[in-house]
Amino acid sequence: MMPTTSMLSMLRDLPWLTLLIFWPLAAAVVMPLFRRSREACRSFALAAALIEVAMALLVILLFAVGRSSLPASEDVAWIPQLGIRYTLTCDGLSLVFVALTAFIGVCCMLASRSDDAKRPALYYALILSSLATVQGVFLATDLFLFALFWEAQLIPVFFLIGIFGHGDRMRVAIKFFLFSAVGGLLMFLAVITLGIHAADGPTGPTFALYDLTRLHLPLATARWLFAAFVLSFAIKIPLVPVHIWLPDAHTEAPTAGSLILAGLLLKTGGYALIRFALPLFPEAAVAYAPVLTVLGLIGLFYASWVALAQEDVKRLVAYSSIGHMGLAVAAIVSGNRLALGGAVVMMLSHGLTSGGLFAQAGMIGERMGSRRFAVLGGLWNKAPRFGAAFLLCVLASAALPGLSGFVGEAMIVFGLFRVDVVTSAFAVLGMAATLIYLLRLARDTLFGPPRSNAPFPDLSPRETALMASLVLAMLWIGLFPGPVLSVISAPLDIIAGQVWPAVATVTTGLGL
């Protein structure tokens, strides 16, 4: 029998990062073979998503647990004349979002059983393709390759909304595509500009992130390029005032589309801001930090105010995403390492909580034919398992201690307090404002007299498995955040040192 160490070495030598990206894409290409059977499409898509989860867990075991090979990387010359390489890198920051992507992929396959009625093979192929492009965004460290994945992730979501959405779906899909494509085009032009500047440097033509962080750009040029990057990322986050595509997209998207939008695409914006915009343009990031902080806090209060007036469950949850991600932006640019780590944990938590709420909003729509509060109320008595899962998602989103939302928001508040007391105070007030619409969401959905006599079946075994997985993940991060904080610590220390060299990092003994 081959020694265990040799087997581990062989496993580490496999191109796991490439497999994480292209396995879902390969499964999407094969999906039309099952088009004659809706159940076969569902089973194959779920199996493909579970294999993606297994590969993500194997990467965690091989690289994160042993710590001997982080960051893992794959690097191959692609277009050497232009300095473009196929470079994938997985450090702790990438790893947590790679795992989140794989997990949300399984949730998408379990979430809804009505949206795939038209063309199930195409429906699940688009979901798998979206997972592939998002994994590429989280793993690419050649800026040209990153920009390609960034633009590619628009395509499957556009068709998911346009073909399988509801209501005025095509108008909403075009709105989403135009907003995202314009921002992506500006970022792509900024990437090309960086490549041109790098061509005159000692390394020659390159789009490698590490090489580009060592460029000495004129301050005015760096600020314009930073603005182009941030605009593209702000649209995806979404940051006020470029947020207006999101509520409509969520309202008309199929359930899986909403899970991808809230759980993954919004996170690509926050991740890219940390991974690329901050280290590439540190001086510009410091200069524009006050503006971004103000916009983030405005989004927090604005989203709370508008969410309170919504009459559709999905639309209310969509506005809550704007508020939570606005707070994350304020933490990312704060100049405090603790707040930066809190933003990452908060984004992970938001992926879980919003995923759970959007999945259950889809269940409400399937059972009631409407998601409006006018036909809800009293669901706890009709479906206690549904009510318990819904309430846990609401409480996690409200940052109840012991659930995932509390860890990130607590770190953000303490981090912002170290930087500026006024900013921290506004952040706390904004978080308190979110409680108003979240409590209203729970009250008008679960409690009080029923506003409709329509039956509301409780969670099916499939839906129970979905919600139990999400709730367990929220509890794990809320009660045992140490492993996540430990994994993201080293890359965040490096990024914080590049942008704010005078900022003392949090001690590694705390694992933050």
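Just so you know, these numbers come straight off a predicted model, no measurement behind them. (Residues numbered from 1 in each chain as written. Predicted model: local features only at pLDDT ≥ 70, side-chain atom pairs only at ≥ 80, totals over all residues. Heavy atoms only, no water.)

Asker: Give a detailed account of the overall build of the protein, specifying residues and quantitative values.
Answerer: Along the protein, the regular secondary structure elements total 21 helices and 2 strands. Dimensions of the protein, computed from the C-alpha atoms along their principal axes, are close to 75 × 60 × 50 Å. Restricting the contact set of the protein to residue pairs at least 6 apart, pairs at least 24 apart contribute 80%. Each charge class in the protein can be summarised by its mean position, and for the 31 positive and 25 negative side chains these summaries are 7 Å apart. (Helix = DSSP H or I, 4+ residues; strand = E, 2+ residues; numbered from the N terminus. Contact = heavy atoms within 4.5 Å. Lys, Arg positive; Asp, Glu negative; His and termini not counted. Charge placed at Lys NZ, Arg CZ, Asp CG, Glu CD.)

Asker: Break down the pattern of salt bridges for me, with residues and values.
Answerer: In the structure shown here, the tally under the stated rule is 16 salt bridges. A salt bridge links R214 to D211, with the shortest nitrogen-to-oxygen separation between them at 2.8 Å. R371 is the salt-bridge partner of D312, the closest N and O atoms lying 3.3 Å from each other. Taken together, the positions of D312 in the loop between α13 (282-308) and α14 (313-332) and R371 in the loop between α15 (337-368) and α16 (379-382) put the pair 59 residues apart, joining distant regions of the chain. You can call R371 buried: its relative accessible area is 15%. Through salt bridges with shared partners, a single network forms among D168, R171, K175, D248 and R315. (Salt bridge = Lys/Arg side-chain N within 4 Å of Asp/Glu carboxyl O. Buried < 20%, exposed > 50% of the residue type's maximum accessible area, 1.4 Å probe, protein only.)

Asker: Requested: an account of the packing of helix α11 (residues 245-252) against helix α12 (residues 255-280), with residues and values cited.
Answerer: When two helices pack together, their arrangement is captured by the angle between the axes and the distance separating the axes. Relative to each other, α11 and α12 sit at 140°, their axes nearing to 8 Å. Considering the angle they form, α11 stands oblique to α12. Two secondary-structure elements touch here, α11 through W245, L246, A249 and H250 and α12 through S258, L261, A262 and L266. When its residues are assigned to classes, the contact of α11 with α12 shows 6 nonpolar, 2 polar and no charged. (Axes fitted to C-alpha atoms, helices over the stretch in contact; angles between N-to-C directions. Parallel < 35°, antiparallel > 145°, perpendicular 65-115°, else oblique. Nonpolar A, V, L, I, M, F, W, Y, C, P; charged D, E, K, R; others polar.)

Asker: How would you explain the nonpolar core if you had to name every residue and give the values?
Answerer: Generally speaking, soluble globular proteins have nonpolar side chains that are buried together. With 189 residues, the main nonpolar core has F97, L143, F229, F281 and F386 as its most contacted residues. With near-sequence residues (within four places) excluded, F97 lies in contact with F138, K267, Y271, V344, M347 and L348. (Core = buried A, V, L, I, M, F, W, Y, C linked by side-chain atoms within 4.5 Å.)

Asker: Which residues make up the confidence of the model for the protein, and what are the values?
Answerer: Per-chain confidence: the protein averages 88 in pLDDT, with 94% of residues scoring 70 or above. With pLDDT under 50 throughout, residues 504-512 is counted as low confidence; its partners more than four residues away or in other chains account for 15 contacts. (pLDDT = per-residue confidence, 0-100.)

Asker: Outline the packing of helix α10 (residues 219-236) against α12, supporting the account with residue identities and numerical values.
Answerer: Two elements in contact, α10 and α12, have axes separated by 7 Å at closest approach and are oriented at 165°. The orientation of α10 with respect to α12, classified from their angle, is roughly antiparallel. As α10 packs across α12, the resulting crossing turns out to be left-handed. Only L265, L266, T268, G269, A272, L273, A277 and L280 of α12 make contact with α10, whose side of the interface consists of F226, F229, V230, F233 and K236. (Left-handed = near helix turned anticlockwise from the far one by under 90°.)

Asker: Would you mind going over unusual backbone geometry in detail, with residue names and values included?
Answerer: Along the chain, I237 connects to P238 via a cis peptide bond; the corresponding omega equals -10°. Of note, A399 is a non-glycine position whose phi angle comes to about 65°, a positive value. Checked against the element boundaries, A399 lands in the loop between α17 (384-397) and α18 (404-419). Overall, the relative accessible area of 12% leaves A399 in the buried class.

Asker: Report on helix α21 (residues 482-499), specifying residues and quantitative values.
Answerer: Over its 18 residues, α21 runs 25 Å from end to end, which matches the ideal 26 Å to within 8%, given 1.5 Å per residue. At S489, α21 shows its maximal bend, which comes to roughly 40°, and the proline P491 appears one to four places after that position. Turning to α21, its buried residues number three or more, namely V484, L485, V487, I488, S489, P491, L492, D493, I495, A496 and V499. At its buried positions, α21 is contacted by α4 (92-111), α12, α13, α15, α18 and α20 (461-479). (Expected span 1.5 Å × (residues − 1). Bend = angle between axes of the 7 residues up to and from the residue.)

Asker: Break down the environment of A318 for me, citing the residues and quoting the values.
Answerer: Mapped onto the secondary structure, A318 falls in helix α14. Given a relative accessible area of 0%, A318 falls into the buried group. Spatially, the C-alpha atoms of A318 and L154 are 18 Å apart, while their sequence positions differ by 164 residues. Beyond its immediate chain neighbours, meaning those up to four positions away, A318 contacts L246, P247, H250 and F358.

Asker: Lay out the side chain of T353 with the relevant residues and their values.
Answerer: Along the chain, T353 turns up in helix α15. At a separation of 3.4 Å, a polar atom in the side chain of T353 contacts the main-chain carbonyl oxygen of H350. (Polar contact = N/O pair within 3.5 Å; in protein donor to acceptor, adjacent residues only side chain to side chain.)

Asker: Describe the packing of aromatic side chains, listing the residues and the values that go with them.
Answerer: In this structure the tally under the stated criterion is 25 aromatic pairs. Taken together, F146, W150, F226, F229, F233, F276, F281 and Y288 form an aromatic cluster joined through their ring pairs. Looking at R367, its charged tip hangs above the ring of F456, at a distance of 5.3 Å from the centre. (Phe/Tyr/Trp six-rings, centres within 6.5 Å; stacked < 30°, edge-to-face > 60°. Lys NZ or Arg CZ within 6 Å of the ring centre and 35° of its normal.)

Asker: Outline the pairing of strand β1 (residues 72-79), listing residues and values.
Answerer: Here 7 bridges tie β1 to strand β2 (residues 84-90), and the two strands are oriented antiparallel to one another. Along β2, the bridge assignment pairs S73 with T89. Linking two consecutive strands that pair antiparallel, namely β1 and β2, is a turn of 4 residues; a positive phi of about 75° is found at G83 within it. (Pairing = 2+ DSSP bridges.)

Asker: Lay out helix α7 (residues 154-164) in plain terms, naming residues and giving numbers.
Answerer: Along an α-helix, residues three or four apart share an orientation, since each turn contains 3.6 residues. Here α7 lies mainly inside the structure; 8 of its 11 residues are buried. Every buried residue belonging to α7 is among L154, P156, V157, F158, L160, I161, G162 and F164, and all of these are buried. Looking at the buried residues of α7, the elements they touch are α5 (120-139), α6 (143-152), α8 (169-199), α10, α11 and α12.

Asker: So what's going on with the state of the cysteines? Residues and values would help.
Answerer: In total, this model carries 0 disulfides according to the counting rule given. Summary of cysteine pairing: C90 is not part of a disulfide, and the nearest cysteine sulfur, belonging to C107, is at 20 Å. Note on C90: relative accessible area 1%, which makes it buried. With no disulfide of its own, C107 has C108 as its nearest cysteine by sulfur position, at a separation of 7.1 Å. (Disulfide = S-S within 2.5 Å.)

Asker: Outline the side chain of R371, listing residues and values.
Answerer: For R371, the side chain forms a polar contact with the main-chain oxygen of T251, separated by 3.0 Å. In terms of polar contacts, R371 uses its side chain to reach the side chain of D312, at 3.3 Å.

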